[in-house]
Amino acid sequence: MKHSLSAALILLGVFACGPQKTQTSDPDSVVSTRNKWSNPKAIPVCLINRNEISDELFNDVKSHVTNDYASKAGIVFTGWGSCQSSDLNAKVIRVTFSRVHNWAGRKISAGGGLSMVGSSSSSCGTGCRGGTMRLDVSQNGQYPAEGTWARTFAVTQTRATAVHEFGHAMGLLHEHERTDAPGCGDYDDKVRNSDRNVYVGSFDANSIMNYCHNSSLTNLSPGDVNGLKYLYPALGSSNNGAAKPLPTPAPTPTPDQVKAFGPFDHNVSLILTTLPNTEGRYVNFTVAVDVEDHPSCEYDHVIVEDAAGWKSRSFCGRTTWKLSNLVAPVKVIFNSDPAVASKSVKISKIAYSGNGSAGEPSEAASPTVDAEAAE
């Protein structure tokens, strides 16, 4: 999950797309029963590129992750030294710090990562450099300096990302992709309740595995802990009660929750839908477009325009948006390639929630960079 921050306007609220609980006592989670670790009290961890990040950043991530998992779930991560050749083909959490963020500018982004789900020896893919987990940090491998406006944001998002990715490594799945999640995620990518992906209780809005939680959260929720203890009985029962039995799977979304459009002729600009009653509220929806791959979206793309004339930047391919402070009505506009016809597009069910934060409309969230790698 990747967040953005501007020196003029802190956009943390942009990414909170579900109603927030006032307490977190519900023992709720969704877990993968595949690839469990044999001993959750001795999970080996090593670093692919320890020499490329500062001691401060490394020690902060290590301390935050180890303390949170040990104190709440009894999980112990061991090692934390540089990876050796023998680790590269072993079932070890191999962490790569990807130095991609500019934490010295006026507008910064933070967070983002990738992890294998459960115990694995495989690389997580893009940018992982042979690691099973990738954590995105600054280009210089350091936190912003003490006293700077960006430091708290960068530290908070890095800690949250680390706890989230270690959750995947232990077998936790995305909470917002449950079928009973309130309007979060893409209906095409729902995590179905089954014998392999188990719903432990109902949807948990405060899960660190939920993209739609309050963006200031940096720790496991009681629901996350109960999911871990469901996977690993040796950790003992949860303080919030025993894991709930497998509930009845939630129904598949009905056809009217996804609207399809097209195929379109070439060089067409068409309003797909108009979103009413959005002023001062968050908007969360997903658009999937059949497009050629182009990084600048110069071919088929979608934009969002509100009644005040504000427009999002162009988006191509499957993209999830979380927008705030839009002036109703809001138009979702598809623009087809000037040279190619017969393209189609679909839009998922739209959800509104929360109160918009003060300031001008925020730019749409970047395409999700946090995802589970699959073996």
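It should be noted that the structure appears before, not after, this text.
Definitions and limits used
- Residues numbered from 1 in each chain as written.
- Predicted model: local features only at pLDDT ≥ 70, side-chain atom pairs only at ≥ 80, totals over all residues.
- Heavy atoms only, no water.
- Axes fitted to C-alpha atoms, helices over the stretch in contact; angles between N-to-C directions.
- Helix = DSSP H or I, 4+ residues; strand = E, 2+ residues; numbered from the N terminus.
- Parallel < 35°, antiparallel > 145°, perpendicular 65-115°, else oblique.
- Left-handed = near helix turned anticlockwise from the far one by under 90°.
- Contact = heavy atoms within 4.5 Å.
- Nonpolar A, V, L, I, M, F, W, Y, C, P; charged D, E, K, R; others polar.
- Buried < 20%, exposed > 50% of the residue type's maximum accessible area, 1.4 Å probe, protein only.
- Core = buried A, V, L, I, M, F, W, Y, C linked by side-chain atoms within 4.5 Å.
- Phe/Tyr/Trp six-rings, centres within 6.5 Å; stacked < 30°, edge-to-face > 60°.
- Pairing = 2+ DSSP bridges.
- Salt bridge = Lys/Arg side-chain N within 4 Å of Asp/Glu carboxyl O.

K.L.:
Please explain the packing of helix α1 (residues 55–73) against helix α2 (residues 151–170) as it appears in this structure.
P.N.:
How two helices sit against one another is set out by the angle between their axes and by the gap between those axes. Between α1 and α2, the shortest axis-to-axis distance is 10 Å and the interhelical angle comes to 50°. Relative to α2, the element α1 lies oblique. Our pair here, α1 against α2, has a crossing hand that is right-handed. Facing α1, whose interface residues are E56, D60, V61, H64, V65, D68 and Y69, α2 presents R151, V155, T158, R159, A162, V163, F166, G167 and M170. When grouped by side-chain class, the residues that make up the contact of α1 with α2 number eight nonpolar, three polar and five charged.

K.L.:
Hey, could you run me through unusual backbone geometry in this one?
P.N.:
Of note, W80 is a non-glycine position whose phi angle comes to about 70°, a positive value. Structurally, W80 can be placed in strand β4 (residues 77–82). A relative accessible area of 8% means that W80 is categorised as buried. Unlike most non-glycine residues, R129 shows phi in positive territory, near 55°.

K.L.:
Explanation requested: the environment of E165 in the structure shown.
P.N.:
Turning to its location among the elements, E165 is positioned in helix α2. Under the relative-accessibility criterion, E165 is labelled buried at 0%.

K.L.:
Honestly, the nonpolar core in this entry has me stumped. Any pointers?
P.N.:
Soluble, globular proteins show a tendency: their nonpolar side chains are buried together. In terms of nonpolar packing, the biggest core is built from 46 residues, with Y69, F77, I93 and F166 touching the most fellow members. Among the elements that make up this core, the one with the highest residue count is α2 (nine residues). With residues near it in sequence (within four places) discarded, F166 still touches V45, V65, Y69, F77, W80, I93, V95 and M133.

K.L.:
Would you mind going over the packing of aromatic side chains with me for this structure?
P.N.:
The relative placement of two aromatic rings is captured by the distance of their centres and the angle of their planes. Counted under the stated rule, the structure contains five aromatic pairs. Between W80 and F166 the ring centres are 5.7 Å apart and the planes differ by 25°, which places this aromatic pair in the stacked class. In this pair, W80 is assigned in strand β4 and F166 in helix α2, connecting sequence segments 86 residues apart. The pair formed by W80 and F166 is uniform in burial state, with each residue classed as buried. An aromatic cluster is defined as three or more aromatic residues linked by ring pairs; in this entry it consists of F58, Y69, F77, W80 and F166.

K.L.:
Help me understand the pairing of strand β8 (residues 133–138) in this model?
P.N.:
Each regular strand carries side chains that alternate between the two faces of the sheet. The buried fraction of β8 is high, at six of six residues. Pairing geometry for strand β5 (residues 93–101) and β8, over six bridges, is parallel. Following the sheet pairing, F97 is matched in β8 by L135. Judged from the three bridges that link them, strand β7 (residues 113–116) and β8 form a sheet pairing that is antiparallel. Bridging from a neighbouring strand, G113 pairs with L135 of β8.

K.L.:
For this particular structure, what's the right way to read the packing of α1 against helix α3 (residues 222–231)?
P.N.:
The N-to-C vectors of α1 and α3 enclose an angle of 70°; their axes lie 10 Å apart at closest approach. Judged by the inter-axis angle, α1 sits roughly perpendicular to α3. Across the interface between the two elements, Y69, K72 and A73 from α1 touch V225, L228 and K229 from α3. Per-class residue counts for the contact of α1 with α3 are four nonpolar, no polar and two charged.

K.L.:
Hey, could you run me through the pairing of β4 in this one?
P.N.:
Pairing of strand β3 (residues 43–47) with β4, which is carried by five bridges, proceeds in the parallel orientation. Of the residues in β4, the one forming a bridge with L47 is S82.

K.L.:
Teacher, can you tell me more about the environment of K229 here?
P.N.:
Tracing the backbone through its elements, the reader meets K229 in helix α3. Its relative accessible area of 12% is what places K229 among the buried residues.

K.L.:
Would you take a moment to explain the pattern of salt bridges for this structure?
P.N.:
Side-chain pairing between opposite charges can occur once the charged atoms of the two side chains come close. Per the stated rule, a full pass over the model turns up nine salt bridges. For D55, the salt bridge is made with R50, and the minimal N-O distance between the two is 2.6 Å. A salt bridge links R134 to D136, with the nearest nitrogen and oxygen atoms 2.8 Å apart. A single burial state applies to R134 and to D136, both of which are buried. Look at the salt bridges and you will find they share partners, linking E52, R99 and R129 into a network.

Interpretation note: all reported values are geometric properties and have no functional meaning in isolation.
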